[in-house]
Amino acid sequence: MLKFLINLLDEFNWPPLVKTYVGSILLVFFTALLLLIVYQIIKYVFIKVATRAAQKSTNNWDDALLEHRFFHRLANVIPAILLHRIVPIIIDFNVNMSHFLQLIIELYFTYIFVRVTISLLNSIGSIYESTEHLKFKSIKGYIQIGKILVYIISALIVFSTLTGKNPITIIAGMGAFAAILILVFQDAIKGFVSGIQLSANDMVRIGDWVSIPKYNADGNVIDISLTTIKVRNWDQTISMIPSYGFVNESFSNWRGMEESGGRRIKRSLFIDIKTVRFLNDEDIKELSKIKILKNYLVEKIEFLKNQGSEESQNELHMGNVVKLTNIGTFRAYLELYLKHNPKINTDMTLMVRQMQSSDTGLPLEIYCFSKFIELEQYEKIQADIFDHAFAIIDVFGLKMFQSPSGEDFRALGHLN
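These notes cover the structure that comes with them.

## A short note on the overall build of the chain
The number of helices and strands found in the chain is 18 helices and 8 strands. Among the 416 residues that make up the chain, the fraction classed as buried is 34%. Restricting to contacts in the chain with at least 6 residues of sequence separation, those with at least 24 account for 63%. In the structure as shown, the chain presents an accessible area of about 25900 Å², 61% of it carried by carbon and sulfur atoms.

Right, dumping it as structure tokens:
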């Protein structure tokens, strides 16, 4: 082919060396054109076959490879190999030019290696995230570490190619430079180590509800990368928290609550102690009309009768009489009300308990678990329980404690 092109150039009165160079350049041009045609053919056939195979396949890994153009980039390898084999043949007359073109081709191989490997890593990440039982454990940090290693290896190959030195020799001479690299990539290194700890101990997953007071973050984890973890707060702001922040600082992960099947309700009613008293027969008769409380009152009265003697029951002094109290009956009523509430998880702890009295009254704490863990449903259930408790407390002769307001003082002034 080269001789044919030189013969065509004979009609020009050029020196033989010029004809050889021009012929070689034309030959390189036609070779490149030929390789471009070969590339287009390979790309068309290769991609078409891969696309059809992916469409017929039920697996998702081939779809991910297509999405990230893995096959498109892999199609560049064959023309590059052909070019690498042809160049020394067509430019055998000039060692320097042949060496220069070989150098360019080797750099091109490195470029292809980077693109294909990055595409493969992106595909692995997509395949992992699309797997149902694995998508909550993010490997984005590991993918990013892999990309960094690919870029570092590629940089070493390029530097080795340009300088003609062995990569191992270059690495050995990078001792001083390593300290600078550690300083520059300290966040990435700490993030990588933290990512291993978070993943190994299953401390955080995508979708977890976390609270980190130091960073004023409270919401769901939406992304886990090499150096940062994104948390979408309940006010829809997004907090960017360093990965090592989850290792070095204390934080709360509410996943256990979500997996338990119940969300805790823990809130108190503050009872005015002055309204606490014994129940008389009229009160018991009235409260017995409440269906869920009737059996409790019957059993409790029978139990109290058995506890006291006939003589003590006939005593006039209240201290000698064992009787029901309105606060105890109200507490029992609330427990029965919660047990009959279909939105409360009765398989978990359920109780209504008295807390230490204080200058704000007697706290009566409701401690139970809602079946619904979503915030909106949870708050509605909690509000419904306390709405009912506030509304029915007067039936038991009790009143809520409330600090006097200006209206109370004005009313007192009118009475005086």
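## Quick look at the sheet that holds strand β6 (residues 263-271)
The pairing of strands in a sheet comes from backbone hydrogen bonds and takes either a parallel or an antiparallel form. Pairing is antiparallel across the open sheet formed by 3 strands, whose spatial order is β6-β8-β7. Each edge of the open sheet carries a strand with a single partner, namely β6 and β7 (351-354). Direction aside, the axes of adjacent strands within the sheet are offset by 20° on average. Pairing between β6 and strand β8 (residues 362-370): 9 bridges, direction antiparallel. If you follow Ile 271 over to β8, its bridge partner there is Leu 362. Helix α17 (residues 375-392) rests against β6 and β8 of the sheet, and its axis sits at about 25° to β6.

## Considerations on the side chain of Thr 275
Residue position: Thr 275 is located in the loop between β6 and α13 (281-287). The buried category is assigned to Thr 275, whose relative accessible area is 14%. Separated by 3.3 Å, the side chain of Thr 275 and the backbone nitrogen of Lys 399 make a polar contact. Leaving out residues up to four positions away in the same chain, Thr 275 has contacts with Asn 326, Gly 397, Leu 398 and Lys 399.

## Thoughts on the pairing of strand β2 (residues 217-224)
The sheet contact formed by strand β1 (residues 209-212) and β2 spans 4 bridges and is antiparallel. Residue Ser 211 lies in a different strand from β2, and its bridge partner there is Asp 218. In this structure, the hairpin formed by β1 and β2 is closed by a connection of 4 residues, where Asn 216 is found at a positive phi of approximately 55°. Inspection of the sheet shows β2 paired to strand β3 (residues 228-233) by 5 bridges, in the antiparallel sense.

## So, the sheet that holds β2
Read across the open sheet, the 5 strands follow the order β4-β3-β2-β1-β5; overall the sheet is antiparallel. The open sheet has two free edges, formed respectively by β4 (238-242) and β5 (252-253), since each of these has just one partner strand. Sheet analysis places β3 next to β4, joined by 5 bridges and oriented antiparallel. Within β4, the position partnered with Ile 229 by the bridge is Ile 241.

Rules behind the numbers
- Residues numbered from 1 in each chain as written.
- Predicted model: local features only at pLDDT ≥ 70, side-chain atom pairs only at ≥ 80, totals over all residues.
- Heavy atoms only, no water.
- Helix = DSSP H or I, 4+ residues; strand = E, 2+ residues; numbered from the N terminus.
- Buried < 20%, exposed > 50% of the residue type's maximum accessible area, 1.4 Å probe, protein only.
- Contact = heavy atoms within 4.5 Å.
- Areas by Shrake-Rupley, 256 points an atom, 1.4 Å probe, with all protein chains shown as cover.
- Pairing = 2+ DSSP bridges.
- Axes fitted to C-alpha atoms, helices over the stretch in contact; angles between N-to-C directions.
- Polar contact = N/O pair within 3.5 Å; in protein donor to acceptor, adjacent residues only side chain to side chain.

These results come straight from atomic positions and should not be treated as a statement about function.
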